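The chain contents come next:
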Amino acid sequence: MAEDRRFPALVGRQRQTELLTAALVQAVDGASGSTVLLRGDAGAGKSTLLAWVERAARERGFTVLRAVGTEAETDLAFGALHQAFWSLLQGSDALSAHQREALESAFGVRSGTPSGFAVGAAVLALLERAVRTAPVLLVLDDLQWIDSSSATVFAFLHRRSAELPVVIVAATRPDGPALQTWSPEAVDVPALPREDAALLLGTCYPELAAPAKERVLTEAAGNPLALVELPRQLEAAQQRGAAPLPERLPLGRKLERMFAERLGSVTPEAGRLLLLGALATGSDSGSAEWLRALADENAREVLARIEADGLARLDPAGQLVFRHPLVRTAVVSAASDAARREAHRALSEALPPDDPRRLVHEAAAALLPDEDLAHRLQEAGRDLARRGGEAEGALLLERAAALSPNPGDRVRRLTGAAVMSAHGGQLRHTAALVEELKAGTVPADVAPLFSYAVVYADQSHHVDFESSAALLPAALDALTAPGAPAFGGMVEQVYFKLLLAATYTDDPWAWRALERHRENVSEAGRLCLRAWTAPGPDTAAALLATAEGMTEEQGAGAAWLLLWTASALDCPVGDLWQRFAGLHGYASQGSVAKARAHQDYLLGHWDRAAVCLREAEIADELGYHTNALMFRQYYAHFLAGRGDEDGLREVERSVRPTATRARMRYVLDRLTHLRGLVALAHRRYEEAYAHFCELTPPGRLPGGPPWHHTLVLDLVTAAVHTGRHEDARAHLAAGAAARSAEISGRHAFLSAAATALAADDEQADAAYRAAYAVPGAEQWVFDLARLRLAHGAWLRRRHRPGAREALRAAHHDFRRLRATPWAAQCEEELRAAGDAVALPQPGPATDPTGLTGQELRIARLAATGLTNKEIGRQLQLSPRTVGAHLYKIFPKLGITTRAALAHALDGG
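As a convention, each chain's residues are numbered from 1 in the sequence order in which they are written. Local features are withheld for residues below a pLDDT of 70 in this predicted model, meaning they are given only at 70 or higher, and side-chain atom pairs are given and counted only at 80 or more; totals for whole chains, interfaces and linings count all residues. Calculated side-chain values reflect all of the structure's heavy atoms, with hydrogen atoms and water omitted.

**Q** Let's hear about the overall build of the protein: which residues, and what values?
**A** Scanning the protein for helices and strands turns up 47 helices and seven strands. Burial classification: accessible surface area is computed with a 1.4 Å probe over protein chains only, and a residue below 20% of its type maximum counts as buried, one above 50% as exposed, and the rest as partly exposed. Taken across its 908 residues, the protein has 57% of its residues classed as buried. On the protein, roughly 37,000 Å² of surface is accessible, and the fraction owed to carbon and sulfur atoms is 52%. Under the DSSP-based scheme used, a helix requires at least four consecutive residues in state H or I and a strand at least two consecutive residues in state E, with every element numbered from the N terminus. Reported accessibility uses the Shrake-Rupley method at a 1.4 Å probe radius. Residues are deemed covered only where the shown protein chains occlude them.

**Q** Hey, could you go over empty space enclosed by the protein for me, with residue numbers and the actual values?
**A** Residues are called lining when one of their atoms sits within 4 Å of a cavity or pocket point, these points coming from a 1 Å grid over the protein atoms alone, where a cavity is a set in which a 1.4 Å probe fits but cannot get out and a pocket is an open set with protein on both sides within 12 Å along at least five of seven lines. Grid points are joined across faces, edges and corners, and a volume is the space filled by probe spheres set on the points. Counted according to the given criterion, the structure contains two cavities of 30 Å³ or more. One number sums up the size of the largest cavity: a volume of about 150 Å³. For the largest cavity, the lining is made up of 17 residues, of which Tyr601, His673, Thr710, Asp714 and Arg746 are closest to its centre. Those elements that place two or more of their residues in the lining of the largest cavity are helix H31 (586-602), helix H35 (665-681), helix H37 (712-721), helix H39 (745-758) and helix H41 (781-797). Ten residues, namely Ala, Val, Leu, Ile, Met, Phe, Trp, Tyr, Cys and Pro, are considered nonpolar, four, namely Asp, Glu, Lys and Arg, are considered charged, and the remaining ones, Gly among them, are considered polar. Along the lines of polarity and charge, the residues of the lining of the largest cavity split into seven nonpolar, four polar and six charged.

**Q** Describe the pattern of salt bridges, and please don't skip the residues or the numbers.
**A** A side-chain nitrogen of Lys or Arg and a carboxyl oxygen of Asp or Glu constitute a salt bridge if their distance falls within 4 Å. The full count for this structure, using the stated rule, is 46 salt bridges. Notably, a salt bridge pairs arginine 194 with glutamate 214, separated by 2.4 Å at the nearest N-O pair. Within this pair, whereas arginine 194 is found in helix H7 (residues 194-204), its partner glutamate 214 is found in helix H8 (residues 210-220), the two being separated by 20 residues in sequence. Given the relative accessible area of 44%, arginine 194 is considered partly exposed. Using a relative accessible area of 41% as the deciding quantity, one classes glutamate 214 as partly exposed. Across the pair glutamate 436 and arginine 410 runs a salt bridge whose closest N-O atoms are separated by 2.6 Å. With glutamate 436 in helix H21 (residues 427-438) and arginine 410 in helix H20 (residues 407-423), this pair connects stretches of sequence that are 26 residues apart. Taking the relative accessible area as the measure of exposure, arginine 410 reaches 32% and is therefore partly exposed. Beyond isolated ion pairs, a larger network of salt bridges with shared partners links Glu54, Arg58, Arg66 and Asp141.

**Q** Break down the side chain of histidine 731 for me, with residues and values.
**A** Along the chain, histidine 731 falls in helix H38 (residues 725-737). Look at histidine 731 and you get buried, because its relative accessible area is 2%. The contact rule is simple, with two residues in contact once any of their heavy atoms fall within 4.5 Å. Dropping the residues within four chain positions of it, histidine 731 is found in contact with Thr696, Pro697, Pro698, Gly699, Arg700, Leu701, Val712 and Leu715.

**Q** Please give an account of helix H19 (residues 390-402) that cites residues and values.
**A** Every helix has an expected span of 1.5 Å times one less than the residues it contains. The terminal C-alpha atoms of H19 lie 18 Å apart, and with 13 residues this matches the ideal 18 Å at 1.5 Å per residue to within 8%. Within H19 the residues assigned to the buried category are Ala391, Glu392, Gly393, Ala394, Leu396, Leu397, Glu398, Ala400 and Ala401. Residues of H19 that are buried sit in contact with helix H6 (148-160), helix H17 (356-365), helix H18 (371-386), H20 and H21.

**Q** Which residues make up the packing of H17 against H18, and what are the values?
**A** With axes taken as lines fitted to C-alpha atoms, and helix axes fitted only over the stretch in contact, angles between N-to-C directions fall between 0 and 180 degrees. Following both chains from N to C, one finds H17 and H18 inclined at 140 degrees, their axes separated by 10 Å at the closest point. Taken together, the axis directions place H17 and H18 in an arrangement best described as oblique. Read as a crossing pair, H17 and H18 show a hand that is left-handed. Residues Leu359, Glu362 and Ala363 of H17 form the contact with H18, whose participating residues are Leu373, Arg376, Leu377 and Ala380. Tallied by class, the residues present in the contact of H17 with H18 amount to five nonpolar, no polar and two charged. Roughly parallel means an angle under 35 degrees; roughly antiparallel means over 145; roughly perpendicular covers 65 to 115; every other angle is labelled oblique. Two helices that cross are described as forming a left-handed crossing if the nearer one is turned anticlockwise from the farther one by less than a right angle, and a right-handed crossing if clockwise.

**Q** How would you summarise the environment of glycine 69 if you had to cite specific residues and measurements?
**A** In this fold, glycine 69 is placed in the loop between strand S2 (63-68) and helix H3 (79-90). C-alpha of glycine 69 to C-alpha of serine 150: the two residues are 81 residues apart in sequence and 9.9 Å apart in space. Leaving out residues up to four positions away in the same chain, glycine 69 has contacts with Asp141, Asp142, Trp145 and Ile146.

**Q** Describe the packing of H39 against helix H40 (residues 761-772), naming the residues involved and giving the relevant values.
**A** The N-to-C vectors of H39 and H40 enclose an angle of 165 degrees; their axes lie 8 Å apart at closest approach. On the basis of the axis angle, H39 is roughly antiparallel to H40. Every pair of crossing elements has a handedness; the one defined by H39 and H40 is left-handed. Mapping the contact onto sequence places Phe749, Ala752, Ala753, Ala756 and Leu757 in H39 and Ala764, Ala767, Tyr768 and Ala771 in H40. Classifying every residue of the contact of H39 with H40 by side-chain character gives nine nonpolar, no polar and no charged.

Next up, the structure:
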């Protein structure tokens, strides 16, 4: 790519600017969006890169929206969203009255409790209208400090705006929390190499003497901010080399300390002005609150001195913009507790009584317990939670707890904070609050909430289900007793947690409690219980009808129940998971991602297998260790289907010990099944038969989850190949008696396929064709390929027509799924049928192990016919990056055209 000379190139940042430019070009030329996440240490130049891309975007005609996260606003729900979209909202007629009300309620400028979907849809509608005029760049700086509610909306936009000319560029520190449910590949912004560091230093300080230059280069260690700021610590004579350098310079200290030392020379008036500006929030509706709080007629003169010192400046909106976020950090850190409280008090008094930020400042200024303030904080926290800001609401409840004079009220509020924090996706914090609460006595009136919080932390964070059966039945009894408080639909949430524990562990106490309380929950709750215990012929239809009858807003509350029901039935429900992939915290998004992973396996979308590992990493990072375990278990399904024994063993080593300790029978049984599936792939039929019989003995269907019924094809296949025809027929008879085929479409297909495999020669061909004719059979790609393999082999051995067609179709699907052992079985049958099948040839041209993991993923997607743009959308890369990878892939595979990719990867 030719260098863009409209702006001077940043020193040592060619790769980053090329990626950013490619994203802008893609939005302009391809009218499609992309996301770039810049990651680097403090002072690495992330903000400079953001300023660069902002200038470049404006030059190209982009509309630029911007939000900056600050520590002072992490508990201000939708604060960053307000920064970015308030200007669009004010001047737009794109929203319906309902959407405008939802967004204004989220911003706190009107009362109301908008749903997550309404806020997400409103913001997306604003973007859709804005891009009719010009492409949009959304810049998010200091992502690690953006409030949780806004972060969730930005994640929603990341997922939903791929087809719009919208570029999202965000910057975060390596140790900052990941943006929940948003996992674009990060672009690292590392320290500059010494040559580039010397160039930057020479540009900024051309007169710097050689000894000082060498010292700064050593101490700065390639950090651009240090290279620019540290020479200022030297006296003018030392910079020129006219005076010796002192033995100890402040150059090696942390940048925060460097700024703190510069603050030591400011006047008290300037220090107070800086502190007010650092603690003030940044929403437009009150951007000059810190100036009003200052109430100093000399403020402008003081501000001029601050600007001259290079610490901060006043922008046109009246906001104090600091030289670097570390200056803000240093200002707050250097202030005494008393000074910070006095500044918060002044800020609160400068705001209108109904401004939600006033309450935050009041709480920060408080020193002694104050029940009135605690009560107002509690109500504000509950209001935030109703508006989708559970994480921020939890922080307000914690502050209310700290200010509570009564110990019982303190525990009540802290318990509410633990539950809100869990719903807001702050699981680690929930676990910490639970441990704090365990050290004291919990009042009886909030005992059910406490039980729920304990179980939430145990189930999701500690991978421990012992407390579920011990605490949740009693909690349900208390919540459903006459006159019991509703706690905002807590019965349904407690019921689902108990249902999860029951399905994972098969604890009889849990099942009995669920049955006892089935009439106290919604139809979705009763349907989920029925799906996991006694699914009838109408269960799948009831699921689809229930899902179809719900609006997005109604369905959001029941998302986890409906998705878990679909998982029980192996019943893909179209775009049900997409309907729930909206504005919700990780607590819901994790369920959505698990449902999608399961559906990808069932429907043959095996190119998405690696997504499971990425989701597992996200879950572990957020503290959702049970989700991480489940994602790895889903990944094991893809490995087993492909016959990858080594990969399956590796996943087992990471999953089985934890699942064994937690008595997760569901996971342990699944692993046993996958062992048998791998054995089938490699035609070790006796071994496979033994594994399947551990789970469901031939001729007998044990009680338990309905997925045991789906083992019919596997068990019958192993039984037939080991000569156990009577066992195969007995199992089919047991399935017929249990009406297995009526559970769902996949159950119907597997039962029909197993019937064909076990049929006598006289009935076999008709049975195979009956299996093909099962409605929806074509969607079960892997299972259908196995049926075609068995049918083709049966036809070939009996010298009947149609064998090659069935085997070729199976071979094609197995190769696409990369199920190599199964494809090899097809090849053997085809060769036996006289069909010329290319044998794999050794050599670098056909050995993909010379490719990196990313190159291999790109090559396989390109081999399916996807364009660079489509590949980039799947892997969250720019089309230019995809093209660069393909440029390296072709010579490694010994090919020169895209058309030759599939042949090379298949060993042709």
